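# Examining the three-dimensional arrangement
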Amino acid sequence: QMQLVESGGGLVQAGGSLRLSCEASGILLGGYAVGWFRQDPGKEREFVAATNWSGRNTNYADSVKGRFTISRGNAGNTVCLQMDSLRPEDPAVYYCARGKSNRDLSAADGNFAYWGQGTQVTVSS
């Protein structure tokens with residue numbers, strides 16, 4: 001079965017940290033860009049971060065720069081999103097997505113071919 005599965009979401013106090021993981025099965029992450037997006041109910045899905053597979057090139061939304069870090073996980077087919085200094089405006093369902101290529105790290109949804117089901121992040125103030 002081809003799927004991306006996110007984990008690591010939960011409830012955290014403002015200022016706290018969470019580490020999200022995206023594990024792929026049946027889908028190859030190696031050699032492709034991987035991104036994270038988020039969506040709050042009633043709002044459009046928004047780009048959070050993306051990395052090429054080597055990690056040499058990354059792209060972050062301005063709202064998370066300096067607080068979130070995208071990286072490859074220790075396991076071969078995983079990508080993580082370290083979220084520090086979480087703010088009350090960060091809660092959403094967070095989705096990982098695999099790119100159609102290894103080059104395009106821009107925020108457009110159309111650059112990504114496979115999507116996970118999401119993991120909920122809640123921040124209490």
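We now examine the side chain of Asp 90. Its location among the elements puts Asp 90 in the loop between strand E8 (78–83) and strand E9 (92–99). Its relative accessible area of 0% is what places Asp 90 among the buried residues. Among the polar contacts listed, one links the side chain of Asp 90 to the side chain of Arg 38, at a separation of 2.9 Å. Leaving out residues up to four positions away in the same chain, Asp 90 has contacts with Arg 38, Arg 67, Phe 68, Ser 85 and Val 123.

Moving on: the environment of Asn 102. Among the secondary structure elements, Asn 102 is positioned in the loop between E9 and strand E10 (112–115). Between the alpha carbons of Asn 102 and Ser 17 there is a distance of 28 Å; along the sequence they are 85 residues apart. A polar contact is formed between the side chain of Asn 102 and the backbone nitrogen of Ala 33, at a distance of 3.4 Å. Side-chain polar atoms of Asn 102 contact the backbone nitrogen of Trp 53, separated by 2.9 Å.

What follows covers the side chain of Thr 119. Mapped onto the fold, Thr 119 is located in strand E11 (residues 119–124). The class for Thr 119 is buried, based on a relative accessible area of 11%. Only 3.2 Å separates the side chain of Thr 119 from the backbone nitrogen of Gly 9, close enough to count as a polar contact. Setting aside residues no more than four positions away along its own chain, Thr 119 makes contact with Glu 6, Ser 7, Gly 8, Gly 9, Leu 20, Ala 92, Val 93 and Tyr 94.

Calculation criteria
Residues numbered from 1 in each chain as written. Predicted model: local features only at pLDDT ≥ 70, side-chain atom pairs only at ≥ 80, totals over all residues. Heavy atoms only, no water. Helix = DSSP H or I, 4+ residues; strand = E, 2+ residues; numbered from the N terminus. Buried < 20%, exposed > 50% of the residue type's maximum accessible area, 1.4 Å probe, protein only. Polar contact = N/O pair within 3.5 Å; in protein donor to acceptor, adjacent residues only side chain to side chain. Contact = heavy atoms within 4.5 Å.

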